[in-house]
Amino acid sequence: MNEARKQEVIDLCQKMIQAKSYSGEEDKVADVLAKAMKEKGFDDVMVDPYGNVIGCLKGKKPGKKILFDGHIDTVPVTDESVWEFPPFAAEIHDDKIYGRGTSDMKGAVSGFVCAAKNFAEDTNRDFAGEIYVAGVVHEECFEGVAARSISDIVKPDYVVIGEASQLNLKIGQRGRAEIALETFGVPAHSANPEKGINAVYKICDVIKAIQELKPTSHPVLGDGILELTDIKSAPFPGASVVPEYCRATYDRRLLVGETKESVMAPLQELLDKLMKEDPKLKAKVSYVVGEETCYTGEKITGERFFPGWLYDESEDYVQNVYKKLTEKGYTPEITQYNFCTNGSHYAGEANIKTIGLGPSKENLAHTVNEYIEIDQLVKVTDCYEGVMEALLV
C-alpha cells in the first residue's frame, strides 16, 4: 500500500460518508459507489431492483467467484448537536475519519473496491476467477434479505462479510429472530372491569411463564437468548377502557441448526398448556414480518428470522486466508461475531463458504462520534487483497 493507494481508499471512504444513506434512502451513496467502481476499472456495474450495487472484476482465467459484502445503509443520527464532529462531513482528526457509517460499514466497502482495483493491477488480471463487490441496502432492517437477491445474481463460491472485526477472521455468529406474543381480551369500562378480560394481565402471566423456559445453548456461540424488548396494549390511551389486546416483542438469538419450527415449538407448547389451564386466555406467537420501501420504489419484505452459522476453523478456505494474512505480517484471531450480519443468508440459509473480516471496533457501530481509524482502513484494504490472493490465485 503506497501513499497514493492509501489516499485513494481514504478519499472514497470520505465520499461515501458524505452521502447520507439511512435505510431506504441509499440512492446518493449508491451513486458514489457505482461511479467509483466504474472509474476503477470494474468490468460490470449493476443495480438490482432493491437498489443493491453489484460490481464485477474478472480475471483472465475461469475460476471461483468471491463476493465481498458490505451494507451501505446506516442507522439514523438522532441529534447531530451531540456529535463532536459533524456526522456527515467525514472530517479527519487524530488519524480517524469521523461520521455515521465509518465503521458500520462504509470503510469496509471502500476497502473492497480499492483492494479489487489494486489486485487487478498487481496481477495484470492474471488470476483465475471473478471478484464481486456488493453495496447492500436495508441491512439495518433486514439482515440477509436484500442479500438473497445478490447471491441469486452472483452465485458466489466464497463470501467475505466486511463488518468490523479489528482485522480478525470471523467464522460464525448467532442469528436473530423477532417473535410477537399476542393476547386477546374483552373490552369493558374500567369502572366495571369484571365484565371484560384484561389482555395486559393475561400477557403478564404468559411473560412470567416464558421466563422459566430453559434457553438452548451451544459450546461456541453461547445461549439462545430470548429477551422481551417491547410491549404495547390497545386501545391506547386506554381512556377508561379495559385493554382488549396486548402485544409483546421478543428478541431471540439463534444458534446453529435452529429452525423456525424448533424455535417456535417450546413457545407454542407453553401457550397450549396455559390456555388449557385458563380458558379465558387467548394467545398466539408468530414471527414478526417487516416491510420497507427501497429507494428504487421496490418493497422489501421478510419474516424476521435470520439464522446463525458457524464454520470449522480447519476448513481449507479459512486456513488459506489465515496463512496469507500472516504471511503479510498480520496476526488475526479466528473468532465469531457477537451480532447478526448478512452472513445469516449467505452461510445460514445458502450454505456458502463465508468469513468475516473488517476494520475497526465492533462496539463503534450505531454510536455517537462513530469513527474509523485510518490505519485500520488502510490495513483492511491490504488484507482484502490478501484474501483475493489466497482464494483466487
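What counts and what doesn't
Residues numbered from 1 in each chain as written. Predicted model: local features only at pLDDT ≥ 70, side-chain atom pairs only at ≥ 80, totals over all residues. Heavy atoms only, no water. 1 Å grid on protein atoms, 1.4 Å probe; cavity = no way out; pocket = protein on both sides within 12 Å on 5 of 7 lines; lining within 4 Å. Points joined across faces, edges and corners; volume = space filled by probe spheres on them. Helix = DSSP H or I, 4+ residues; strand = E, 2+ residues; numbered from the N terminus. Nonpolar A, V, L, I, M, F, W, Y, C, P; charged D, E, K, R; others polar. Phe/Tyr/Trp six-rings, centres within 6.5 Å; stacked < 30°, edge-to-face > 60°. Buried < 20%, exposed > 50% of the residue type's maximum accessible area, 1.4 Å probe, protein only. Contact = heavy atoms within 4.5 Å. Salt bridge = Lys/Arg side-chain N within 4 Å of Asp/Glu carboxyl O.

**Q** Give me the lowdown on the layout of surface pockets, citing residues and values where you can.
**A** Reported here for the largest pocket is a volume of approximately 380 Å³. Surrounding the largest pocket, 21 residues form its lining, Ile210, Leu213, Pro215, Gly224 and Leu226 being those nearest its centre. At the level of elements, helix H5 (199–210), strand E12 (226–234), strand E13 (245–254) and helix H6 (260–277) are the ones that each hand at least two residues to the lining of the largest pocket. It is H6 that contributes the most residues to the lining of the largest pocket, four residues altogether. The residue inventory of the lining of the largest pocket, partitioned by class, reads 12 nonpolar, four polar and five charged. Space inside the second largest pocket adds up to approximately 260 Å³. If you go around the second largest pocket, you meet 16 residues; those closest to its centre are Glu140, Glu143, Phe339, Cys340 and His366. A per-class count over the lining of the second largest pocket returns four nonpolar, three polar and nine charged.

**Q** Provide a residue-level description of the packing of aromatic side chains, including the pertinent values.
**A** Counting across every chain of the model gives 13 aromatic pairs. A centroid spacing of 5.3 Å and a plane angle of 80 degrees characterise the contact between tyrosine 287 and phenylalanine 305, whose relative ring orientation is edge-to-face. Of this pair, tyrosine 287 sits in strand E14 (residues 283–287) while phenylalanine 305 sits in strand E17 (residues 305–306), and the two are 18 residues apart along the sequence. Taking the centre distance of 5.9 Å and the plane angle of 90 degrees together, the rings of tyrosine 311 and tyrosine 317 count as edge-to-face.

**Q** Account for the environment of valine 256, with residues named and values stated.
**A** Among the secondary structure elements, valine 256 is positioned in the loop between E13 and H6. Valine 256 gets classed as partly exposed once you look at its relative accessible area, which sits at 35%. Taking C-alpha positions, valine 256 is 46 Å from alanine 239, a pair spaced 17 residues apart along the chain. Contact partners of valine 256, with chain neighbours within four places excluded, come to His218, Leu221, Gly308, Trp309 and Leu310.

**Q** Pulling in residues and values, what's your account of the pattern of salt bridges?
**A** Proximity of charged atoms lets side chains of opposite charge pair with each other. This model, assessed by the stated rule, comprises 23 salt bridges. Residue glutamate 8 is joined to lysine 117 by a salt bridge in which the shortest nitrogen-to-oxygen separation is 2.9 Å. Of this pair, glutamate 8 sits in helix H1 (residues 3–18) while lysine 117 is found in helix H3 (residues 102–123), placing the two residues 109 residues apart along the sequence. Owing to a relative accessible area of 18%, glutamate 8 belongs among the buried residues under this scheme. On the accessibility criterion, lysine 117 (11% relative accessible area) is buried. In this structure, lysine 260 engages glutamate 303 in a salt bridge whose closest nitrogen and oxygen atoms are separated by 2.7 Å. Within this pair, whereas lysine 260 is found in helix H6, its partner glutamate 303 is found in strand E16 (residues 299–303), the two being separated by 43 residues in sequence. For lysine 260, a relative accessible area of 34% puts it in the partly exposed group. Accessibility expressed as a relative area gives 30% for glutamate 303, which makes it partly exposed.

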